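What follows is each chain in one-letter form.
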Number of protein chains: 2
Amino acid sequence: MLLDALHCRNKKRPPIWLMRQAGRYLPEYRALREGRTLLDMFHDPKTIVEVTKLPLDILQVDAAILFSDILTVFDGLGIRYDFQEGVGPVVQDSPDRIEMQDPHVAYVNVIEAIEQLKEELEVPLLGFAGAPFTVASYLIEGGSSRDLKKTKQWLFRDPEGFTKLLDQITVATIEYLNCQVRAGVDAIQLFDSWANALSIYEFRTYCLEPMRKIMKAVDHPTLLFCRGSSLFAPELAKLQPAAISVDWSGDLLAIRDQIPRSIALQGNLDPMLLYASKEKIAEGADRLLFGMKDDPGFIFNLGHGLLPDIPVENVKFLVDHVRRS
Amino acid sequence: MLLDALHCRNKKRPPIWLMRQAGRYLPEYRALREGRTLLDMFHDPKTIVEVTKLPLDILQVDAAILFSDILTVFDGLGIRYDFQEGVGPVVQDSPDRIEMQDPHVAYVNVIEAIEQLKEELEVPLLGFAGAPFTVASYLIEGGSSRDLKKTKQWLFRDPEGFTKLLDQITVATIEYLNCQVRAGVDAIQLFDSWANALSIYEFRTYCLEPMRKIMKAVDHPTLLFCRGSSLFAPELAKLQPAAISVDWSGDLLAIRDQIPRSIALQGNLDPMLLYASKEKIAEGADRLLFGMKDDPGFIFNLGHGLLPDIPVENVKFLVDHVRRS
């Protein structure tokens, strides 16, 4: 059903999966994390398989997405990183420490996990990677940042140097994604989570161009997500991806009118609506379901990832509600 | 010149002023702040006058904007607040502590400062206030917040209670702005700085409606700013403000095509571009100047406020560049 929608030929109800569907909001996930580091978990094929499959039984979603992180591409760039409790991602090396690694060694755990998942899964498996601009921002800022100031200072002051860094990350990302494709993922999603820090002019140069290079080198159905996609969707459409994954800001129906019908649209419920009553959740979901009714390229999703303290029962309710539509 | 542009009948070069033009990036401002609290400064008419006038001589901008803060409306709501070094705004009372004050007492310092400024200034003076949604968010979160989670939880779970809070803030804001208008400001700008946390549906209810009430009750040329305005500009245009102040995300020329020619457009250079070389700054400014050439309703500004560590000489260069255009 998801693959049909990705090809804009789905005749049934819209497929649904949720960004961060395997995450801390699930008690089963919290139990698996107990006493272990995230870095550990992302490098253990058995854990990757287990966590990727977790939400399938619990939620009955229509797709699995690889349990991984935007930062895992650093394994192929020789950059050290970690995830610190209460802090988030921490990147320990600076951009000048990039040393390209053999991707088949760097990503061996992910490859192994995908191969095993493909033997076991009954729904499509999405691979993913961070888009180069967002990955670069983690490397430059040393972690998450509110305004990407260092990153933007660099790109405004030294566009050539910044482009060179993006190129290095792009090469590694292509290798990483091709490893995922060869191991069997059915489609890939690129996350340019911090693209909304840029104006449309810088977006074109520093987000769109690296994504274009990746799509040229990785021949596989691709979903493009960025924060800011409510505004930037027509830009993303220029790359002719299989789908655009839209943040929660805009009216998806109005965005549909700006995007060729050959491109699927995924989105775009505000995850924070899942703190509300079931009645409110149904109302928000129905607005999307009604607006996108009979659209053969509509994939139901959130506009951003699930948050750790969202009640599981509300998430289940949403998925049930869409499945019954 | 600014007032002509606000009425979309400017025949000369575009007027320019900059959000946070009187701020920490100016050594003269930092000297004035030495040994004093911000709260103190916002309540001293002499300081308000002095700081408001600071950038006029230094930068030669075409408008002054009242030295004040989004939080000063709390004086009329009986809510205590402060500004903590390295932390930012801190609101000490919760929403249930609102007690409406006599506006002529609460805002006496601001009124006095405006009256004096109007005697001394040779350029138009802009008054301003936070828009109710943004003010409510400070009250609910207790200060700045990355994702406005508490605010959004409240509005999703208890829309009626949240609307009641917005109504209280709206009443105080109307009183505050009418004090400013009677004291002599030439136009007012409403800042809905955190509007971009909302989807277009909630934006319509919780941002647009309070602004509509304010514009109905305050009969004076009004500029509407929100982060997210690159996407929400057509929504803001429904209120028929004098001008829409656009964030740095979008292409101002493309936005012009969506907005009636009777509404002025202000914006929208990315303030972080001011970290770059003069050549880059000129390039960014020229794109706007060329794109909006001969538009009688164009006001040159940034897409957000100046940052404390932006080099003064780059700010001066920008203003000179626009003035020579």
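Since the model is a prediction, treat every value here as computed from it, not as a measurement.

Calculation notes
Residues numbered from 1 in each chain as written. Chains lettered and ligands numbered in written order. Predicted model: local features only at pLDDT ≥ 70, side-chain atom pairs only at ≥ 80, totals over all residues. Heavy atoms only, no water. Least-squares fit on C-alpha atoms with pLDDT ≥ 70 in both. Contact = heavy atoms within 4.5 Å. Buried area = accessible area lost by both parts, 1.4 Å probe. Salt bridge = Lys/Arg side-chain N within 4 Å of Asp/Glu carboxyl O. Polar contact = N/O pair within 3.5 Å; in protein donor to acceptor, adjacent residues only side chain to side chain. Helix = DSSP H or I, 4+ residues; strand = E, 2+ residues; numbered from the N terminus. Nonpolar A, V, L, I, M, F, W, Y, C, P; charged D, E, K, R; others polar. Core = buried A, V, L, I, M, F, W, Y, C linked by side-chain atoms within 4.5 Å. Buried < 20%, exposed > 50% of the residue type's maximum accessible area, 1.4 Å probe, protein only. Phe/Tyr/Trp six-rings, centres within 6.5 Å; stacked < 30°, edge-to-face > 60°. Axes fitted to C-alpha atoms, helices over the stretch in contact; angles between N-to-C directions. Parallel < 35°, antiparallel > 145°, perpendicular 65-115°, else oblique. Left-handed = near helix turned anticlockwise from the far one by under 90°. Pairing = 2+ DSSP bridges. pLDDT = per-residue confidence, 0-100.

*Asks:* Quick rundown of the relation of the copies chain A and chain B? Include the residues and the values.
*Replies:* In the superposition of chain A on chain B (RMSD 0.0 Å, axial shift 0.0 Å), the rotation amounts to 180 degrees. The transformation relating the two chain copies, once decomposed into turn and shift, fits a two-fold axis. For chain A, the residue whose C-alpha comes nearest the rotation axis is L231 of chain A, separated from it by 2.9 Å. An overlap of 100% is found between the interface residues of chain A and their copies at the interface of chain B, pointing to a shared contact surface.

*Asks:* So, the interface of chain A and chain B: which residues are in play, and what are the values?
*Replies:* Counting residues at the interface gives 33 residues for chain A and 33 residues for chain B. Carbon and sulfur atoms supply 58% of the area buried between chain A and chain B, which totals about 3000 Å² over both sides. The largest share of the area that chain A buries against chain B comes from F156, Y201 and M272 of chain A, three residues that together contribute 22% of it. Taken together, the connections running from chain A to chain B amount to 4 salt bridges. Residues D309 of chain A and K149 of chain B are paired through a salt bridge, measuring 2.7 Å at the closest nitrogen-oxygen approach. For the pair chain A and chain B, the number of links is 14 residue pairs in polar contact (both at pLDDT 80 or more). Going through the elements one at a time, α9 (149-157), α11 (200-217), α12 (229-237) and α14 (278-291) of chain A are the ones with two or more residues in the side of chain A that touches chain B. When residues of the side of chain A that touches chain B are assigned to their parent elements, the largest contribution, 5 residues, is made by α9 of chain A. A class-by-class count of the residues in the side of chain A that touches chain B yields 15 nonpolar, 7 polar and 11 charged.

*Asks:* So what's going on with the nonpolar core? Residues and values would help.
*Replies:* Inside soluble globular proteins, nonpolar side chains tend to come together where they are buried. Ranked by internal contacts, the top residues of the largest apolar core, which has 266 residues, are L318 of chain A together with L318 of chain B. When near neighbours in sequence (up to four residues on either side) are disregarded, L318 of chain A contacts I16, L18, L269, L274, I281, A285, F300 and L302 of chain A.

*Asks:* Go over the pattern of salt bridges, please, and point to the residues and values.
*Replies:* By the definition in use, this model includes 36 salt bridges over all chains. Ionic pairing is found between E120 of chain A and K53 of chain A, a salt bridge with its closest N-O pair at 2.3 Å. With E120 of chain A in helix α7 (residues 108-120) and K53 of chain A in helix α4 (residues 45-59), the pair connects residues that are 67 residues apart, well separated along the chain. Assessed through its relative accessible area of 30%, K53 of chain A is described here as partly exposed. Notably, a salt bridge pairs K213 of chain B with D167 of chain B, separated by 3.0 Å at the nearest N-O pair. Highlighted residues: K213 of chain B in helix α11 (residues 200-217) and D167 of chain B in helix α10 (residues 159-183), separated in sequence by 46 residues. For K213 of chain B, a relative accessible area of 40% translates into the label partly exposed. Several salt bridges share partner residues, and in doing so they unite R13, D62 and R323 of chain A into one network.

*Asks:* Explain the side chain of S229 of chain B residue by residue, including any values.
*Replies:* Note that S229 of chain B resides in helix α12 (residues 229-237). When residues no more than four places from it in sequence are discounted, the contact partners of S229 of chain B are L236, S245, V246 and D247 of chain B.

*Asks:* Provide a residue-level description of the packing of aromatic side chains, including the pertinent values.
*Replies:* Residues and elements named next belong to chain A. Under the counting rule described, the total for this entry stands at 26 aromatic pairs over all chains. Ring plane angle 55 degrees and centroid distance 6.0 Å describe the contact between F74 and Y81, whose orientation is recorded as tilted. Y81 shares its class with F74; the two are buried. Centroid distance F191 to F225: 5.7 Å. Interplanar angle 55 degrees. Geometry classified as tilted. Highlighted residues: F191 in strand β5 (residues 187-192) and F225 in strand β6 (residues 222-226), separated in sequence by 34 residues. Given a relative accessible area of 1%, F225 falls into the buried group. An aromatic cluster is built from Y29, F42, F67, F74, Y81 and F83, whose rings are joined through pairwise contacts.

*Asks:* Describe unusual backbone geometry, naming the residues involved and giving the relevant values.
*Replies:* The amide bond that connects G267 of chain A to the next residue, N268 of chain A, takes the cis arrangement and shows omega of -15 degrees. Structurally, N268 of chain A can be placed in strand β8 (residues 264-269). In the Ramachandran plot, Q60 of chain A falls in the positive-phi region, its phi being about 65 degrees despite a non-glycine side chain. Considering the arrangement of structural elements, one finds Q60 of chain A in the loop between α4 and β1 (64-65). The phi angle at D294 of chain B is positive, at roughly 65 degrees, despite the residue not being glycine. If you trace the backbone, D294 of chain B turns up in the loop between α14 (278-291) and β9 (298-302).

*Asks:* Give a description of the packing of α11 of chain A against α12 of chain A that names residues and reports values.
*Replies:* Residue and element names in this part refer to chain A. The N-to-C vectors of α11 and α12 enclose an angle of 50 degrees; their axes lie 11 Å apart at closest approach. The orientation of α11 with respect to α12, classified from their angle, is oblique. The way α11 lies across α12 gives a crossing that is right-handed. The segment α11 lies against α12, with I200, F203, R204, L208 and M211 engaging F232, E235 and L236. Taken together, the residues of the contact of α11 with α12 break down into 6 nonpolar, no polar and 2 charged.

*Asks:* Describe the sheet that holds β9 of chain B, listing the residues and the values that go with them.
*Replies:* Residue and element names in this part refer to chain B. The strand order across the open sheet built from 7 strands is β1-β4-β5-β6-β7-β8-β9, with neighbouring strands paired in parallel fashion. Either end of the sheet is taken by a strand with one partner, and the two such strands are β1 (64-65) and β9. Pairing of strand β7 (residues 243-245) with strand β8 (residues 264-269), which is carried by 3 bridges, proceeds in the parallel orientation. By the bridge assignment, S245 is partnered in β8 with Q266. Of the strands in this sheet, β4 (125-130) and β5 (187-192) are in contact with α10, which crosses β4 at around 170 degrees.

*Asks:* Outline the confidence of the model for chain A, listing residues and values.
*Replies:* In the predicted model, chain A carries a mean pLDDT of 97, and 100% of its residues have values of at least 70. Among the prediction metrics, the complex's ipTM stands at 0.95, with pTM recorded as 0.96.

*Asks:* I'd like a description of the packing of helix α8 (residues 132-141) of chain A against helix α10 (residues 159-183) of chain A, backed by residues and values.
*Replies:* The axes of two packed helices give the description: the angle between them and the distance between them. All names here are of chain A. Packing of α8 against α10 brings their axes to within 9 Å, and their N-to-C directions diverge by 115 degrees. With respect to their mutual orientation, α8 and α10 come out roughly perpendicular. Crossing geometry of α8 relative to α10 is assigned as right-handed. Note on element contacts: α10 touches α8 through F162, L165, L166, I169, T170 and T173, opposite P132, F133, V135, A136, L139 and I140. Per-class residue counts for the contact of α8 with α10 are 10 nonpolar, 2 polar and no charged.

*Asks:* Explain the sheet that holds β6 of chain A to me, and be specific about the residues and the numbers.
*Replies:* Residue and element names in this part refer to chain A. Spatially, β1-β4-β5-β6-β7-β8-β9 is the arrangement adopted by the 7 strands of the open sheet, whose pairing is parallel. Either end of the sheet is taken by a strand with one partner, and the two such strands are β1 and β9 (298-302). Packed on one face of the sheet, α10 meets β4 (125-130) and β5 and runs near 170 degrees to β4.

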